[in-house]
Amino acid sequence: MTTAEALSVIPAAVLRNLSDKLYEKRKNAALELEGIVKHLTSAGDHDKINAVISLLSQEYTYSPQAHNRKGGLIGLAAVTVGLTSDAAQHLKQIVPPVLHSFSHQDSRVRYYACEALYNIAKVVRGDFIVFFNQIFDALCKLAADSDANVQSAAHLLDRLVKDIVTESEQFSIEEFIPLLRERMNVLNPHVRQFLVGWITVLDSVPDIDMLGFLPDFLDGLFNMLSDSSHEIRQQADSALSEFLQEIKNSPSVDYGRMAEILVQRAGSQDEFTRLTSITWINEFVKLGGDQLVPYYADILGAILPCISDKEEKIRVVSRETNDELRAIETDPAEGFDVGAILSVARRQLSSEWEATRIESLHWMWTLLNGHRSEVLVFLNDVFDTLLRALSDPSDEVVLLVLEVHACIAEDPQHFRQLVVFLVHSFQHDHSLLEKRGALIIRRLCVLLNAERVYRELSTILEGESDLDFASVMVQALNLILLTSPELSDLREDLKQSLVKDAGRDLLLSLYASWCHSPMAMISLCLLAQSYQHASSVIQSLVEEDINVKFLVQLHKLIHLLETPTFAYLRLQLLEPGRYIWLLKALYGLLMLLPQQSAAFKILRTRLKTVPSYSFKEEKVARTSSGIPFFNGGGGLQISDDGNPNENSHDMHNGINFGSRLKHFKQIQQQHRLHLKSETQSRFSSASSMKEL
């Protein structure tokens, strides 16, 4: 049909009024046009109808004149009403011009486009679905329209379209989802409300499986939880709550894709978003089963930081989720990635939050106990981080680190590596030794056997080239040995070193490294009841040895002699004739102390309590017997004339004390030469500075 033929069908007055600036005239023209189309429909003259539609589209709806467009829009709506049941076959001509008008710059044109499409939709209902995606796209834009009237009209149209979709069997959710996904990250609040409204409506339709497509728009919903509008946050939360309930009741859910989204959202800056995502993750861990195994590492990476969240609700849910996850029995053969989990735990071990670091260590310990062989494969990736964690400011973290290390150190090579690193750390960070040394050593002794730890430390320190550090380290180990309850068995073994092989071997293993500190050596001899050797060590000291550091250590030892650790030694003083070398050693220490010092007064007071009569009685008894007396506790033999036998000191229970004393003197001579060299170096540096 030509335009001329279309014009012959429609009176000129109708066409003229259709583009009039007055709405009433356009409306009346539309009513007349509706009657004309009804007549043509009754006659089955669809060619003329096509010509009318074409005329309205080309000459009016696409016209640059706003009034023409308005007339064209109302005219197309009138044509649709006139067509009634035959409208479906003409929709491809009618709908596109109307949709095109939604983007017109004139708000009134956009308003009339909404009105026209509303009237068209009322007539065609389900046949309208073929244009759904284009209509949805247009409505999405109009939801954010700058004109309130247009927004209102769009809202009415939207409600009608929703009604049509919910009752239609032709609606394709598969074709709609890509469009929805594309729009979900729009920030405009009106558009967001529009989108959530559609998600909620579609989810309420029994025949539409929105849950199956949830991964496609889940991230967008979570994004809305941090919207500035309380209403939008509430709507998004309501939609999410409904979906979560559906997930709990559904036998088939794609947990994997959604888990990836939740993990990302768990790190959101928005508190409400974090809480919601962690709550979802918590449910997923309970429901997901095998599906979530490949995502355990990612989930753990989201949970661990949230365990330290400032919001208590998030902390509580995170801890519960963490416990649930750790309790699940998994198998690497089923996809459980030990390396990935270990990597997450290692990364979170550097967290600024103590609670997160603690849980990271719990995970490492759990993996070691459940998948030891797999963990050891990745040990090189985490070992350095674990070693550095020994310097953590939290005592609880350090204790847990030691438990993990102890678990690893069941293997000899790892045990050696751990102890070497410890010594290295103490050497380069004296404050670590000072503040944490006792804690670390004592705990390792509990976890890894005290004798094993002390033997290894002694072996390392024996060959230490840094003499100053070796001396400081030995002093620290000696103090721990003398005072820690955890090392009571070690002390008992050392007390038997002159009569039992185990004690002898332990004494010999410690001796070489203890040579780095005279006071540590004297303490060791007193503990081992090698009193004659203790006296010999004291006698071997020279002027350079008696310095401030030495006197400070001696002061500590005198105080330690008054503690329960040395109760046996004080009781032995009741038999001074039997323990002559003990007396001689103690008097030797007394002679080294300044008379005005507190330590001097303490030791002198103790020695004054020694029974003086015992000397004579013991001596007479032994002289009249004619039999040498063997002192199992002090390495002492007394000859017939009552004088101690010095030669008996050279060898006892397989210990050659003579050669040991010689070694001690050699090591101490090295320390003196080192001290002298350092003093000369400092003097030379000071002289050079003065000259400058």
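As the structure is a prediction and not an experimental result, all values here were calculated from the model.

Criteria and cut-off values
Residues numbered from 1 in each chain as written. Predicted model: local features only at pLDDT ≥ 70, side-chain atom pairs only at ≥ 80, totals over all residues. Heavy atoms only, no water. Helix = DSSP H or I, 4+ residues; strand = E, 2+ residues; numbered from the N terminus. Rg over C-alpha atoms; globule rule 2.2 N^0.38 Å. Buried < 20%, exposed > 50% of the residue type's maximum accessible area, 1.4 Å probe, protein only. Areas by Shrake-Rupley, 256 points an atom, 1.4 Å probe, with all protein chains shown as cover. Expected span 1.5 Å × (residues − 1). Polar contact = N/O pair within 3.5 Å; in protein donor to acceptor, adjacent residues only side chain to side chain. Axes fitted to C-alpha atoms, helices over the stretch in contact; angles between N-to-C directions. Parallel < 35°, antiparallel > 145°, perpendicular 65-115°, else oblique. Contact = heavy atoms within 4.5 Å. Nonpolar A, V, L, I, M, F, W, Y, C, P; charged D, E, K, R; others polar. pLDDT = per-residue confidence, 0-100. Phe/Tyr/Trp six-rings, centres within 6.5 Å; stacked < 30°, edge-to-face > 60°. Arc of directions from axis to C-beta. Disulfide = S-S within 2.5 Å. UniProt positions renumbered as here; feature names shortened; annotations may be inferred. Left-handed = near helix turned anticlockwise from the far one by under 90°. Salt bridge = Lys/Arg side-chain N within 4 Å of Asp/Glu carboxyl O.

Caption draft 1: Structural context of the overall build of the protein. Scanning the protein for helices and strands turns up 36 helices and four strands. Its C-alpha atoms give the protein a radius of gyration of 46 Å, clearly above 26 Å, the size a compact globule of 692 residues would have. Looking at the 692 residues of the protein, the share that counts as buried comes to 51%. Of the roughly 32,000 Å² of accessible surface on the protein, 49% is carried by carbon and sulfur atoms.

Caption draft 2: Geometry of helix α9 (residues 148-167). With 20 residues, α9 should reach 28 Å at 1.5 Å per residue; the first-to-last C-alpha distance of 29 Å fits that figure. Looking only at α9, the buried set comprises V150, A153, A154, L157, D158, L160, V161, K162, I164 and V165. A side-chain oxygen of the first residue of α9 lies 2.8 Å from the backbone nitrogen of N149; this N-cap is D147.

Caption draft 3: The packing of helix α17 (residues 312-327) against helix α19 (residues 354-370), seen in detail. Close contact between α17 and α19 brings their axes to 12 Å; oriented N to C, the two are set at 10°. Between α17 and α19, the angle is such that the two are roughly parallel. Where α17 abuts α19, its residues R319, N322, L325 and R326 lie against A355, E359, H362, W363 and T366. Its residues assigned to classes, the contact of α17 with α19 comprises three nonpolar, three polar and three charged.

Caption draft 4: Fine view of the confidence of the model for the protein. In the predicted model, the protein carries a mean pLDDT of 88, and 92% of its residues have values of at least 70. Here residues 613-649 is modelled with pLDDT under 50, and outside its nearest four sequence neighbours on either side it reaches 63 contacts, counting other chains as well.

Caption draft 5: Just the packing of aromatic side chains, in detail. Applying the stated criterion across every chain, the model contains 19 aromatic pairs. Pairing F132 with F171 gives two aromatic rings, centres 4.9 Å apart and planes at 90°, and the pair type is edge-to-face. Pair noted here: F132 is in helix α8 (residues 132-142) and F171 is in the loop between α9 and α10 (173-183), with a separation of 39 residues, a long-range link. Considered together, F132 and F171 belong to a single accessibility category, that of buried residues.

Caption draft 6: Highlighting helix α34 (residues 598-608). All buried positions along α34 are accounted for by A599, F600, L603 and L607. For α34, the angular spread of buried residues about the axis comes to 100°, placing them on one side. Contacts made by the buried residues of α34 are with α31 (548-560) and α33 (580-592).

Caption draft 7: A look at the state of the cysteines. All chains considered together, the criterion is met by zero disulfides. Here C140 is not cross-linked by a disulfide; its sulfur's nearest cysteine counterpart is in C114, at 13 Å. Assessed through its relative accessible area of 3%, C140 is described here as buried. C515 supplies the cysteine sulfur nearest to C525, a cysteine that is in no disulfide, at a spacing of 9.1 Å. Its relative accessible area of 3% is what places C525 among the buried residues.

Caption draft 8: Structural detail: the UniProt feature "domain: Vacuolar protein 14 C-terminal Fig4-binding" (unreviewed entry) in the protein. Under the feature "domain: Vacuolar protein 14 C-terminal Fig4-binding" (unreviewed entry), the UniProt entry names residues 431-610. Spanning residues 431-610, this segment combines 74% helix with 0% strand, and its end C-alpha atoms are found 41 Å apart.

Caption draft 9: Representation of the packing of helix α14 (residues 255-265) against helix α15 (residues 271-288) in the model. At their nearest, the axes of α14 and α15 sit 9 Å apart, and the two run at 150° to each other. The orientation of α14 relative to α15 falls into the category roughly antiparallel. Crossing hand, α14 versus α15: left-handed. For the pair formed by α14 and α15, the contact residues are Y255, M258, A259, L262, V263 and R265 on the first element and T273, R274, S277, W280, I281, F284, L287 and G288 on the second. When grouped by side-chain class, the residues that make up the contact of α14 with α15 number nine nonpolar, three polar and two charged.

Caption draft 10: Structural detail: the environment of P518. Within the element layout of this structure, P518 appears in helix α29 (residues 518-527). On the basis of relative accessible area, P518 is assigned to the buried category, the value being 13%. Between the C-alpha atom of P518 and that of A138, which follows or precedes it by 380 residues, the distance is 91 Å. Here P518 is in contact with L541, F550, F664 and Q668, once residues within four sequence places are set aside.

Caption draft 11: Representation of the pattern of salt bridges in the model. Inspection of every chain in the model, using the stated rule, returns 33 salt bridges. The partner of D20 in a salt bridge is K25, and the shortest N-O contact between them spans 4.0 Å. Judged by relative accessible area, D20 falls into the buried class, the value being 18%. One salt bridge connects D505 with R504, and the closest N-O pair in it is separated by 3.2 Å.

Caption draft 12: Geometry of the environment of K549. Within the secondary structure layout, K549 lies in helix α31. The exposure class of K549 is exposed, given its relative accessible area of 65%. For the pair K549 and M519, spaced 30 residues apart in the sequence, the C-alpha separation amounts to 10.0 Å.

Caption draft 13: Expanded view of unusual backbone geometry. With phi around 50°, R125 is a residue other than glycine that occupies positive phi space. Look at Q529: it is not a glycine, yet its phi comes out positive at around 60°.

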